[in-house]
Amino acid sequence: MLRRIIALMIKEIIAIVADPKSRIVLIGPPIIQLLVFGYAATFDLEHVTYAVYNEDRGRASRDLLARLEASPNFHRIACVQSDREVRPLIDGRKVMAVVHIGPLFTENLLRGRPASLQVVVDGRNSNTAMIVLNYVRSIVTGFNRAWSEARGDAPAPADLRIRFWFNPNLDSRWFIVPGLVALLTLVVSLLLTALSVAREREAGTFDQMLATPLRPVEILIGKALPGFVIGMAEATFILLMAIFWFHVPFRGAILPLYLGLFMFLLSAVGAGLMISSLSVTQQQALLGTFLFLVPAIILSGFSTPIANMPPAVQYLTYLNPLRYFLIIVRSVFLEAASFDLLLNLYWPMAVIGVAALMTAGWLFRRRLY
Amino acid sequence: MKGSKPTGGPARRSLMRLSGLMKKEAHQIVRDPSSIAIAFVLPVILLILFGYGVSLDAEHVPIAIVVEHAGTETAGFVAGFQGSRYFSPRIMNTIQMAEKALMRREVDGIVWLRGNFAREMLGPGPASIGVIVNGMDANQARIIEGYVTGVWSTWQERLALERGSPLEIPVAVEQRIWFNAEMRSRNFLVPGLIAIIMTLTGALLTAMVVAREWERGTMEALMVTPVRVQEILLGKIVPYFILGMGGMALSVAMAVWVFHVPFRGSYPVLFATAALFLLTALAMGLLISVVAKNQFVAGQIAIIATFLPAFILSGFLFDIGSMPKAVQFVTYIIAARYFVSILQTLFLAGDVWSVVAWNSMALGVMCVLFLLLVRRRMKKRLE
C-alpha cells in the first residue's frame, strides 16, 4: 500500500513540476507576492501630505508649524491664503489634511487665553484620518508641554507612560509579513489540491487511474501528499525570507511553529480535496477554491481584527483554519509563544483537517461507485 | 447557392455575425448557470461577508486595569474606562496577573496604577500612569493608544473642574473630518470592496469561459468561420458586460440600502465609470485566458493576479502614498486602484472632477491596452 501511494505521489509531483506553466505559477507568484505585499501592506503613514493656512503672524504659530515640519512623516505641499483654497485641495486628494491657525493665535496664547488649531482631515479613509489626527495631537501635546514649562505653569496631575510590547516601534510590517507566510502557503496548497482531481477528470485520466489496483483511499492520500510537501517547502522558504529579508524578529522556537504548520496544511489540503471531490469540471473547482479562499482571507484577522466583526461573523471565523495559524505564526515570531499558550489553537485546525479529509474521502467513494 | 448569401453591405453583415455570436454566448450563459452565479450570487455573498467582516472600528477593547491601592483618585480614573464604549475593562490587583492575561491574548493592553498613585497625585510632580499595549498589530495598538489618551484627557479635565481650577491647555486641537464625520470605517471600506469584488467577477467571467473554449478547441472552430477576430472579441465581451453591470448595480444598491453608505455623487457618473472599469476587468480576463490557453493556468492566474493585488495594492485598505516608491509604481498597473479612488470619492465626497477625470483616463488607457494585447495574441494563434 505504501509503495503504491509513494508511486502515485511521485507521479503527481512530476505532473506538477514537469509542466512549465504550472511550475511558474508555483514558484513565481509567491515570491513576487511576498516582496510586493510585504512592502505594500502597511498601515504606517509615512507620507502625510498637508497644507498650511496660517493667518497668524506671531512666533507661537511658527514654532508649532516648525514642529510639524520637523516630523519625518509630514510633507507640506502647499500654503494657502484663504478658506476657498482649502476645499479643492482636499476634494482632489492633493492633501490629507489642512492645518488652520487663526489670526489671534499667538496673542491668545501670550495672554493666557486658550488658542486653537483647526485640522481639516479627508475622511474618505477614516483609518488614515484617525492616524493623521493622532499624529497632529501628539505634536500639539509636545508643543503644549514646552509652552507650559516655559511659562512656569503647574504640570498636569498625571502623565501617561505608554509602552508597546513585542513591537516597540509599531512597525506594521512585523505584523503583516508573518501573516503573509500563512496566507501564501494557503493559496498554494489549496490551489494545488483543489484543481488536481478536476483536471484529471476532465482529461479522462482519472478513470484510467481508477482502473489500476489503487484503492480510493490511496488515491486520496496520493493526491493530498504533494500539496502537503510543496506547501511545507513554500512555507519554509517564505519563513526564511521573512527572517532574513524583511528582518522580522524570530523570537520563538521552530517546533511550535512547524507543529502549527503541519496542522494548518492538514486542514488546507483537506479543504482542497473536499472542493476537488465536489467538482466535476475545473471551472467548478476553481470557483470552489475562490469561494473558500476569499472569505478565508478576509475573515482571518490578516488585515483587520476579528474582534471588530459582529458576533455572528466572529463565530463563522472559528471554522477558518487560517485564523488559528495566523495567531500561531505571529505569536511565535513576536511573542516567543510556547506550546502551552498555543495549545488551544492547534486542536481546532486538526479537527477541521480530519473532518475535511473524511468528508472528502466519503465524497470520493460516493462519486466512484 | 447564391440565395443563401447574406444581403446588405459589409457593416450589416458584420452586425448579423455579431448578433449571431452574442446569441450563441447568451445560450451558453443560460445553459451553464455558473456564469450567472459568478455575476450575481458571488458579489452579493462577498459583499455581505466583507461588509460585515472588514472593519477597523475597534470597540469594547479588552483591557486590564491594575489598581494596586484603590482610592477615590483611582476610582475616578477607572470610571472613565468603564463608561467608555471603546473599552471593556477588567480590574486586576497585581501587574503579574495582568501581564499573564496579556500573554494569553485575553487583553490587548494594561493600565497600571501603582500603589503610590494617590500620593504622587498630591505631590509636586505629575503622577505616572503606566500603560502597556500589545504592539503586535501595530494599527490596532495605535488606535488603542488614541483611546487611552482620550480617556486620560477627559479625566484630567473633569478633575480640574472638580478642584475648581479649569485645566488650562494652551492649544486645543479642533478637528473637522470631512466626508465621514462619524469616522465609520465601513463608509470607505464598502465602496472599495465593490471595486475589488467587481475585479474578481469581471476577470473570472471571461478568463474561465474563454479559456474553456481554447481548451475544447471550439475557439479554433469559431476562427475558421467568416467571423472576424474583433467580432469574436466583441461577442464575448458584450454579454458578460451586461451580466457584470447587473452585478455592479446590485452591489451599489446593497452598499446604499444594506450598509447605509451615503452616496453623494451622481448616478450617471457612477454608471459611466463603472462601465469603463468593468470593460477593463473583462479585457484583463480575456488577456489572461488568451495567454494561458488552458483553464488550469488561467484560473490560477486569475486568482493570483486579481484578488490579492486588488486587495492589497489598490489603496482600499493600505495607503498607497506610504508604500515604497517601487511598489507605488506597481500599483499603477492595478485597475482596481483607479476605481477604488473613484468610488470612495463618488460615495463620500460627490462628483469631484479632478479625481474622476484623472482616474477614468487611466482606466481608459489600461482598457485599450488590454484589448490591443488580446487582439495581437489572438491573431498570432490563427497562424
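Residues numbered from 1 in each chain as written. Chains lettered and ligands numbered in written order. Predicted model: local features only at pLDDT ≥ 70, side-chain atom pairs only at ≥ 80, totals over all residues. Heavy atoms only, no water.

## Details of the overall build of chain B
When helices and strands are tallied, chain B shows 14 helices and 5 strands. Taking 2.2 N^0.38 as the reference for a compact globule, 383 residues should give roughly 21 Å; the C-alpha atoms of chain B span a radius of gyration of 29 Å, well beyond that estimate. Structurally, chain B occupies a C-alpha span of about 110 × 40 × 40 Å along its principal axes. For chain B, buried positions account for 55% of its 383 residues. When contacts within chain B are restricted to residue pairs at least 6 apart in sequence, those whose partners lie at least 24 apart make up 78%. Summed over all atoms, the accessible surface of chain B reaches about 15,900 Å², with 64% contributed by carbon and sulfur. Counting 35 positive and 24 negative side-chain charges, chain B places the averaged centre of each group 19 Å from the other. (Helix = DSSP H or I, 4+ residues; strand = E, 2+ residues; numbered from the N terminus. Rg over C-alpha atoms; globule rule 2.2 N^0.38 Å. Buried < 20%, exposed > 50% of the residue type's maximum accessible area, 1.4 Å probe, protein only. Contact = heavy atoms within 4.5 Å. Areas by Shrake-Rupley, 256 points an atom, 1.4 Å probe, with all protein chains shown as cover. Lys, Arg positive; Asp, Glu negative; His and termini not counted. Charge placed at Lys NZ, Arg CZ, Asp CG, Glu CD.)

## Some points on the sheet that holds strand S3 (residues 109-113) of chain B
If you walk across this open sheet you meet the 5 strands as S5(A)-S4(B)-S3(B)-S1(B)-S2(B), and the pairing is mixed. Of all strands in the sheet, those bounded by a partner on one side alone are strand S5 (158-165) of chain A together with strand S2 (87-92) of chain B. When the angles between neighbouring strand axes are averaged without regard to direction, this sheet yields 20 degrees. (Pairing = 2+ DSSP bridges. Axes fitted to C-alpha atoms, helices over the stretch in contact; angles between N-to-C directions.)

## Details of the pattern of salt bridges
All names here are of chain A. Applying the stated rule across the entire model yields 21 salt bridges over all chains. The shortest N-O distance in the salt bridge between Glu 12 and Lys 11 comes to 2.9 Å. The buried category is assigned to Glu 12, whose relative accessible area is 5%. Note on Lys 11: relative accessible area 34%, which makes it partly exposed. Note that Glu 218 and Arg 215 form a salt bridge whose closest N and O atoms lie 3.1 Å from each other. Under the relative-accessibility criterion, Glu 218 is labelled buried at 0%. Residues joined in a network through salt bridges with shared partners are Lys 11, Glu 12, Glu 200 and Lys 223. (Salt bridge = Lys/Arg side-chain N within 4 Å of Asp/Glu carboxyl O.)

## Focus: the interface of chain A and chain B
Where interface size is quoted, it is often the accessible area lost as the parts come together. Taken together, the contacts link 107 residues of chain A with 104 residues of chain B. Taken together, the two surfaces of chain A and chain B that pack against each other cover about 10,000 Å², and 68% of this comes from carbon and sulfur. Applying the counting rule to chain A against chain B returns 2 salt bridges. For A:Asp44, the salt bridge goes to B:Arg142, with nearest N and O atoms at 2.9 Å. Where chain A touches chain B, the interface holds 36 residue pairs in polar contact (both at pLDDT 80 or more). Among the elements that take part in the side of chain A that touches chain B, helix H6 (residues 126-151) of chain A stands out by supplying 14 residues, more than any other. Per-class residue counts for the side of chain A that touches chain B are 64 nonpolar, 24 polar and 19 charged. Where strand S4 (residues 115-122) of chain A lies against strand S5 (residues 171-178) of chain B, 8 bridges are found, and the strand directions are parallel. The residue of S5(B) that forms the bridge with A:Val120 is B:Arg176. (Buried area = accessible area lost by both parts, 1.4 Å probe. Polar contact = N/O pair within 3.5 Å; in protein donor to acceptor, adjacent residues only side chain to side chain. Nonpolar A, V, L, I, M, F, W, Y, C, P; charged D, E, K, R; others polar.)

## Overview of the domain arrangement of chain A
Each domain of chain A was delimited in the assignment, giving domain 1 (8-41 + 172-368) and domain 2 (48-151). Each of domain 1 of chain A and domain 2 of chain A has a C-alpha centre, and the two are 48 Å apart. (Domains from an automatic or database assignment.)

## With respect to the side chain of B:Asp137
Along the polypeptide, B:Asp137 turns up in the loop between strand S4 (127-134) and helix H6 (138-162). The side chain of B:Asp137 sits in the buried core without any salt bridge; A:Arg330 is the nearest counter-charge, 6.2 Å away. When neighbours within four sequence positions are excluded, B:Asp137 is seen to be in contact with A:Phe175 and A:Pro305.

## Some points on a nonpolar patch on the surface
Nonpolar side chains collect at one region of the surface, where A:Leu2, A:Ile6, A:Ile10 and A:Ile14 lie side by side and expose about 390 Å² of accessible area between them. By secondary structure assignment, the location of A:Ile10 is in helix H1 (residues 2-18). (Patch = residues over 30% accessible without salt bridge, like charges linked within 9 Å, V, L, I, M, F, W, Y side chains within 5 Å.)

## Topic: the side chain of B:Glu231
Residue and element names in this part refer to chain B. Structurally, the position occupied by Glu 231 is in helix H9 (residues 229-257). Classification of Glu 231 as buried rests on a relative accessible area of 4%. There is a polar contact of 2.7 Å between the side chain of Glu 231 and the side chain of Ser 14. With residues near it in sequence (within four places) discarded, Glu 231 still touches Ser 14, Arg 17, Leu 18 and Leu 21.

## Quick notes on the packing of helix H7 (residues 185-216) of chain B against helix H10 (residues 267-292) of chain B
Residue and element names in this part refer to chain B. Where H7 contacts H10, the axes come no closer than 7 Å and their chain directions differ by 35 degrees. Considering how the two elements wind past one another, H7 and H10 form a crossing that is right-handed. Taking contact as the criterion, the partners of Ala 195, Met 198, Thr 199, Gly 202, Ala 203, Leu 205, Thr 206, Ala 207, Val 210, Ala 211 and Trp 214 in H7 are, on H10, Phe 277, Leu 278, Ala 281, Leu 282, Met 284, Gly 285, Leu 286, Ile 288, Ser 289 and Val 290. Counted by class, the contact of H7 with H10 contains 16 nonpolar, 5 polar and no charged residues. (Left-handed = near helix turned anticlockwise from the far one by under 90°.)

## Considerations on the environment of B:Ala283
Residue and element names in this part refer to chain B. In this structure, Ala 283 sits in helix H10. Under the relative-accessibility criterion, Ala 283 is labelled buried at 0%. Once the C-alpha coordinates of Ala 283 and Leu 372 are considered, the two residues, 89 residues apart in sequence, prove to be 9.4 Å apart. The contact partners of Ala 283, leaving out residues within four places of it in the chain, are Cys 367, Phe 370, Leu 371 and Val 374.

## Re the sheet that holds strand S1 (residues 48-54) of chain A
Taking strand neighbours across the sheet as the criterion, the 5 strands line up as S2(A)-S1(A)-S3(A)-S4(A)-S5(B) in an open arrangement whose pairing is mixed. Whereas interior strands pair on both sides, the edge strands pair on one side only; in this sheet they are strand S2 (74-79) of chain A together with S5 of chain B. Direction aside, neighbouring strands of the sheet carry axes that sit 25 degrees apart on average. Strands in contact with helix H3 (residues 59-70) of chain A are S1, S2, strand S3 (97-101) and S4 of chain A; relative to S1(A), the strand with the most contacts, it is inclined by about 170 degrees. Along the sheet, H6(A) contacts S1, S2, S3 and S4 of chain A together with S5 of chain B; its crossing angle with S5(B), the most-contacted strand, is approximately 170 degrees.

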